[in-house]
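In case you want the letters, here they are:
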Amino acid sequence: MSSSVSPLAPKHVPDMPVIAGVRLATAEAGIRYKNRTDVLLAVMDKGTAVAGVFTKSKCPSAPVEWCRAKLKGGKARALVVNSGNANAFTGKTGRASTALTAKIAAKAVGCSESEIFLASTGVIGEPLDATKFDGVLGRLAETAEPGDYLAAAKAIMTTDTFPKVATATVKLGKAKVTINGMAKGAGMIAPDMATMLSFIFTDAPIAPAALQALLKSGVEDTFNAVTIDGDTSTSDTLLAFATGAAAAHGAPKISRASDPRLKAFVKAFNQVLANLSEQVARDGEGARKLVEITVEGAKTKASARKIAMSIANSPLVKTAIAGEDANWGRVVMAVGKAGEPADRDKLSISFNGIRVAKSGARDPSYDEAQVSEAMKAPEIAIKVSLGLGKGRDRVMTCDLTKEYVAINGDYRS
């Protein structure tokens, strides 16, 4: 966790309302960090539905494997998250640690181990001593209260420079329902779901299958459209919990994601995901520029996504942005290497609304001074027009600075 906050951090942190059926508590368990909270316990009421999406890494962490297996039950009573140790690449010891953590949490909350969900973030390859949770989780279960999402978000930070929270309120039937979310992530971020840790809570009465469909769809243009460094974590986890408490106030019980009564809820749900995923991009390790890349005129949306990601993950593009250099030649390179349909002579490129290249060559009206001034802005928008079709997509990333190297050069040691 950095001592200095990213200059791209949001200027406003929302007040996070209470969600009926969710209680939170944090503590110092001494996993790795000293004098800071490093474990979060969220306790949910009986009947809470759960959904999740996870990393596509072929080397997933033990908690990811645990959650995948327990997700089939569709119900959750507690979430345990620790920072400082990812419990990944830890073999049988890692699996034993997850089992012991779940056992301790289940006893503390008074539920089945199958209703416990786990997530860990931090160093890969170091054994996680789950005995450190013994006693700690019991105290947390007793003291957990509806409320402090900001403290919860702080407890799960690693190289993050600020806690990431978002909220939305919307009508569902006759009731007002709330959606709260938190996330952590600053490096080892690349789309393959969920590219970090994120947890969403709502009091809407949504069945597990419907919640799963909403989550899977919602991540595609949010968390799956964010990259910091092109590296997919072993621990990526996004879990959503729906307590159903709003049913007591007139919210209809939803069993299908296609239910037309969900229209406003889905919009708000996706807005929370989008807000959190942008905050991850804003907190990219060493970032000084937030970068939005839009590709239009592609053959398909999928093609536009691949080209946009090729640009967003290019170290040459990202370092040029860090140096405030509108180097469209590097963008051209990234378009060409993507392996997607592209015609050099139809390509146009702009930086912050200023077109620098047109029809495969430098724009005739190009003004170096004007573009250089535009590149000083903290937010950079790169637009690429291919002129081949109607496919369009957008991804978020950040620049690549010397600080990124410094952070990752000694992260483990």
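Presented here is an overview of the structure given in this document. (Residues numbered from 1 in each chain as written. Predicted model: local features only at pLDDT ≥ 70, side-chain atom pairs only at ≥ 80, totals over all residues. Heavy atoms only, no water.)

Side note on the packing of helix H5 (residues 208–218) against helix H6 (residues 263–282)
The criterion, for reference: An axis is simply a line fitted to the C-alpha atoms; with a helix, the fit covers only the stretch in contact. Between two such axes, the angle follows the N-to-C directions and lies from 0 to 180 degrees. A run of DSSP states H or I qualifies as a helix once it reaches four residues; a run of E qualifies as a strand once it reaches two. Both are numbered from the N-terminal end. Here is the rule for angles: anything less than 35 degrees is roughly parallel, anything more than 145 is roughly antiparallel, 65 through 115 is roughly perpendicular, and the remaining ranges are oblique. For any pair of crossing helices, the crossing counts as left-handed if the nearer helix is rotated counterclockwise from the farther one by less than a right angle, and right-handed if it is rotated clockwise. In what follows, a contact means two residues having at least one pair of non-hydrogen atoms within 4.5 Å. Residue type decides the class: Asp, Glu, Lys and Arg count as charged, Ala, Val, Leu, Ile, Met, Phe, Trp, Tyr, Cys and Pro as nonpolar, and the leftover types, Gly among them, as polar.
Interaxial distance between H5 and H6 falls to 10 Å at its minimum, and their mutual angle equals 50°. Classified by the angle their axes make, H5 and H6 are oblique. Crossing handedness for the pair H5 and H6: right-handed. Mapping the contact onto sequence places Leu214, Leu215 and Gly218 in H5 and Phe265, Val266, Phe269, Asn270 and Leu273 in H6. Grouping the constituent residues of the contact of H5 with H6 by class yields 6 nonpolar, 2 polar and no charged.

Regarding the pairing of strand S4 (residues 116–123)
Filter applied, for reference: A 1.4 Å probe rolled over the protein chains alone gives each residue an accessible area, and that area as a share of the maximum for its type sets the label: buried under 20%, exposed over 50%, partly exposed in between. For the handedness criterion, the strands are oriented away from the viewer, and a crossover whose path from the first strand over the helix to the second runs clockwise is classed as right-handed.
Along S4, 8 of the 8 residues are buried, which leaves the element largely enclosed by surrounding structure. This β-α-β element, strand S3 (residues 75–85) to helix H2 (residues 91–109) to S4, shows right-handed connectivity.

Things to note about the packing of aromatic side chains
For clarity, the threshold we go by: In this analysis, rings of Phe, Tyr and Trp, with Trp reduced to its six-membered ring, are considered paired at centre separations within 6.5 Å, and the interplanar angle assigns stacked below 30 degrees, edge-to-face beyond 60, and tilted for intermediate values. A ring has a charge above it when a Lys NZ or an Arg CZ is no more than 6 Å from the ring centre and no more than 35 degrees off the ring normal.
Tallied over the full model, the rule gives 5 aromatic pairs. Here tryptophan 328 and tyrosine 366 contribute two aromatic rings whose centre-to-centre distance is 5.1 Å and whose plane-to-plane angle is 65°, an arrangement assigned as edge-to-face. Of this pair, tryptophan 328 sits in helix H9 (residues 328–337) while tyrosine 366 sits in the loop between strand S12 (361–362) and helix H10 (368–374), and the two are 38 residues apart along the sequence. With a relative accessible area of 17%, tyrosine 366 lands in the buried category. These aromatic residues form a ring-pair network of at least three members: Phe117, Tyr149, Phe201 and Phe241. Cation over ring: lysine 70 sits above tryptophan 66, and NZ or CZ is 4.3 Å from the ring centre.

Here we look at the pattern of salt bridges
Using the following cut-off: Basic side-chain nitrogens of Lys or Arg form a salt bridge, by our definition, when they fall within 4 Å of a carboxyl oxygen of Asp or Glu.
Under the criterion given, the structure shown has 17 salt bridges. Residue aspartate 283 is joined to lysine 164 by a salt bridge in which the shortest nitrogen-to-oxygen separation is 2.7 Å. Taken together, the residues span a long stretch of sequence, with aspartate 283 in the loop between H6 and strand S9 (290–298) and lysine 164 in strand S5 (residues 164–172) at a distance of 119 residues. For the pair formed by aspartate 283 and lysine 164, the shared burial category is buried. Ionic pairing is found between arginine 305 and aspartate 221, a salt bridge with its closest N-O pair at 2.9 Å. With arginine 305 in helix H7 (residues 301–312) and aspartate 221 in the loop between H5 and strand S8 (237–242), this residue pair connects regions lying 84 residues apart in the sequence. On the basis of relative accessibility, which here comes to 15%, the residue arginine 305 falls in the buried class.

Some words on unusual backbone geometry
Positive phi outside glycine occurs at asparagine 35, with the angle close to 60°. Overall, the relative accessible area of 73% leaves asparagine 35 in the exposed class. We note that phenylalanine 89 has phi near 55°; this positive angle belongs to a residue other than glycine. Mapped onto the elements, phenylalanine 89 comes out in the loop between S3 and H2.

Things to note about the pairing of strand S7 (residues 197–202)
To be explicit about the condition: In this analysis, strands are considered paired if DSSP registers two or more bridges between them.
Across the 6 residues that make up S7, a large majority, 6, are buried. What you see with S7 is no split at all: Leu197, Phe199 and Phe201 on one side and Ser198, Ile200 and Thr202 on the other are buried throughout. Sheet topology places S7 next to S8; 6 bridges connect them, and they run parallel. Within S8, the residue paired with leucine 197 across the bridge is threonine 237. Since S7 and S8 lie parallel, the crossover through H5 that links them has a hand, and here it is right-handed.

Description of the sheet that holds strand S14 (residues 391–398)
Across the sheet, which stays open at both edges, the 6 strands sit in the order S12-S11-S10-S13-S9-S14 with mixed pairing between neighbours. Each edge of the sheet is formed by a strand with only one pairing partner; in this case those strands are S12 and S14. Judged from the 2 bridges that link them, strand S11 (residues 354–358) and S12 form a sheet pairing that is antiparallel. For alanine 357, the partnering residue across the bridge sits in S12 and is arginine 362. Its contacts with the sheet put helix H8 (residues 315–322) on S9, strand S13 (379–385) and S14, and the angle it makes with S13 is roughly 135°. Packing of H9 onto the sheet brings it into contact with strand S10 (348–351), S11, S12 and S13, and relative to S10 it is tilted by some 130°.

A look at the side chain of threonine 121
Tracing the backbone through its elements, the reader meets threonine 121 in strand S4. Classification of threonine 121 as buried rests on a relative accessible area of 7%. In contact with threonine 121, other than residues within four places in its own chain, are Asn82, Ser83, Gly84, Asn85, Ala86, Ile156, Thr158, Lys184 and Leu197.

Describing the nonpolar core
Cut-off, in case you're wondering: Residues enter a nonpolar core if they are buried and are Ala, Val, Leu, Ile, Met, Phe, Trp, Tyr or Cys, with the set joined through side-chain atoms within 4.5 Å.
Ranked by internal contacts, the top residues of the largest apolar core, which has 54 residues, are Val39, Leu79, Met182, Phe199, Phe201 and Leu239. Counting residues per element, this core draws most heavily on strand S2 (residues 39–54), which supplies 8 residues. Once residues lying within four places of it in the same chain are set aside, the contact partners of phenylalanine 199 are Leu79, Val81, Ala119, Ile156, Asn180, Gly181, Met182, Leu238 and Leu239. Formed by 43 residues, the second largest nonpolar core is a distinct cluster that contains Ile206, Val226, Ala240 and Ala268.

Regarding the side chain of aspartate 236
We count it as follows: Positive charges come from Lys and Arg, negative ones from Asp and Glu, while His and the chain ends are left out of the count. The term polar contact refers here to a pair of N or O atoms within 3.5 Å; inside protein, the definition further demands a hydrogen-donor-capable atom paired with an acceptor-capable atom, and it admits residues adjacent in sequence only when both atoms are side-chain atoms.
Mapped onto the fold, aspartate 236 is located in the loop between H5 and S8. One buried charged residue, aspartate 236, forms no salt bridge at all, with the nearest opposite charge on lysine 184 at 8.1 Å. A polar contact is formed between the side chain of aspartate 236 and the side chain of serine 233, at a distance of 3.5 Å.

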